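In case you want the letters, here they are:
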Amino acid sequence: MKQQTPLWLDESLYPFSHHYIDLPSGRMHYVDEGQGDVLLFVHGTPAWSFLYRDQIKTLRTKYRCIAIDHIGFGLSDKPEDFDGTPQAHSANLALFVEKLGLTNITLVVHDFGGPIGLSFALSHPEKVRNLVIINTWLWKTSDNPDVQKIDKVVNSRLGRFIYLHTNFSPSILMKKAFHDKSKLTNAIHLHYTRPFPNKASRWGLLRLAQSLLGSSDWYEEQFKQLHKWQRKPALILWGTKDQFIKPTFLDKWKEALPQATVRTFDAGHFVQEEVSQEASDAIDSLMQQSQFSLASNTFTGT
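Residues numbered from 1 in each chain as written. Predicted model: local features only at pLDDT ≥ 70, side-chain atom pairs only at ≥ 80, totals over all residues. Heavy atoms only, no water.

### Some details on the overall build of the protein chain
Move 1: The helix and strand inventory of the protein chain stands at 12 helices and 8 strands.
Move 2: Computed over C-alpha atoms, the radius of gyration of the protein chain comes to 18 Å, within 12% of the 19 Å expected from 2.2 N^0.38 for 302 residues, which places it in the range of a compact globule.
Move 3: Each principal axis of the C-alpha atoms in the protein chain carries an extent, and together these give about 60 × 45 × 40 Å.
Move 4: By sequence separation, contacts in the protein chain at least 24 residues apart represent 78% of the contacts at least 6 residues apart.
Move 5: Counting only carbon and sulfur atoms, one obtains 50% of the accessible surface of the protein chain, whose full area is about 13,200 Å².
Move 6: A gap of 3 Å separates the mean positions of the 33 positive and 31 negative side-chain charges of the protein chain. (Helix = DSSP H or I, 4+ residues; strand = E, 2+ residues; numbered from the N terminus. Rg over C-alpha atoms; globule rule 2.2 N^0.38 Å. Contact = heavy atoms within 4.5 Å. Areas by Shrake-Rupley, 256 points an atom, 1.4 Å probe, with all protein chains shown as cover. Lys, Arg positive; Asp, Glu negative; His and termini not counted. Charge placed at Lys NZ, Arg CZ, Asp CG, Glu CD.)

Written out as structure tokens, the structure is:
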């Protein structure tokens, strides 16, 4: 069944073919552009594959670029009864990778896409070659005072109302997440608000917000396994002007993954939007290094 492209989608900004896959929790939309080694882009909230459009346009000439829309986001189904926790999204990601038969993946994660994608990588290390980590976390949040305040709001009657009835996350919070406000033009902002036109479409936003603290124990379980990745390539791209995920989070990543290459930018939460070319170039450099290393190991028999 062919799904109609929404009228609000500007195909000059997002010039990709639409692909869909049926999962038990709903129909998932994804982009699949280019050929070669796989770059798998995993978004957080309130984003969707649109967030990675510039990276895909740049990198699809060399690599196979795949970007999913989580169930409840973007052009994917938005069933009200879907659990919507990071754990559930990670299970969907594993099913997606299995159905497409993906291997040798370079995993690019951001925001809630961090715990979602990294949980998959830690459970399936044989399928993931490299990590790209952008303004995210993977440890308990229950002891963070800012998170405790947010949790009280999103679990209150007022919080539910503003998330479900005012489209608060993409309409208001997203603006605060940009350091360079000029990068969030009206045309671009529309592509983050329009996927959530009514209350019925916004449950995914609310459930991830409630999971910021609600899934704290699960985050910590994943973090305790991160030592498995200390011998594998990792790239950290970090917007230092992020009002939500502070520089102390970057310090924790540096300690947890001492082998990682770190690039910092005077950007807010959405590095992919504010310094799109720099982010693309850094990912390309990682891919080239990875290919060279793989070729060298093959040549030497190691």
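### Brief notes about the sheet that holds strand 8 (residues 261-265)
Move 1: Reading across the sheet, the 8 strands line up as 1-2-4-3-5-6-7-8 and stay open at both edges, with mixed pairing between neighbours. Each edge of the open sheet is held by one strand with a lone partner, namely strand 1 (19-23) and strand 8. Within this sheet the neighbouring strands show an average axis-to-axis angle of 20 degrees, counted without direction.
Move 2: Across the sheet, helix 2 (residues 86-100) is in contact with strand 1, strand 2 (26-33), strand 3 (38-42), strand 4 (64-68) and strand 5 (105-110); its angle to strand 1 comes to roughly 115 degrees.
Move 3: Lying on the sheet, helix 3 (residues 113-123) is in contact with strand 3, strand 5 and strand 6 (128-134); it crosses strand 5 at an angle near 155 degrees. (Pairing = 2+ DSSP bridges. Axes fitted to C-alpha atoms, helices over the stretch in contact; angles between N-to-C directions.)

### Observations concerning the packing of helix 2 against helix 3
Move 1: The contact between helix 2 and helix 3 brings their axes to 8 Å, and the two run at 50 degrees. Of the possible angle classes, the one that applies to helix 2 and helix 3 is oblique. Our pair here, helix 2 against helix 3, has a crossing hand that is right-handed. Contact residues: Pro86, His89, Ser90, Leu93, Ala94 and Val97 in helix 2; Ile116, Gly117, Ser119 and Phe120 in helix 3.
Move 2: Partitioned by chemical class, the residues of the contact of helix 2 with helix 3 number 6 nonpolar, 4 polar and no charged. (Parallel < 35°, antiparallel > 145°, perpendicular 65-115°, else oblique. Left-handed = near helix turned anticlockwise from the far one by under 90°. Nonpolar A, V, L, I, M, F, W, Y, C, P; charged D, E, K, R; others polar.)

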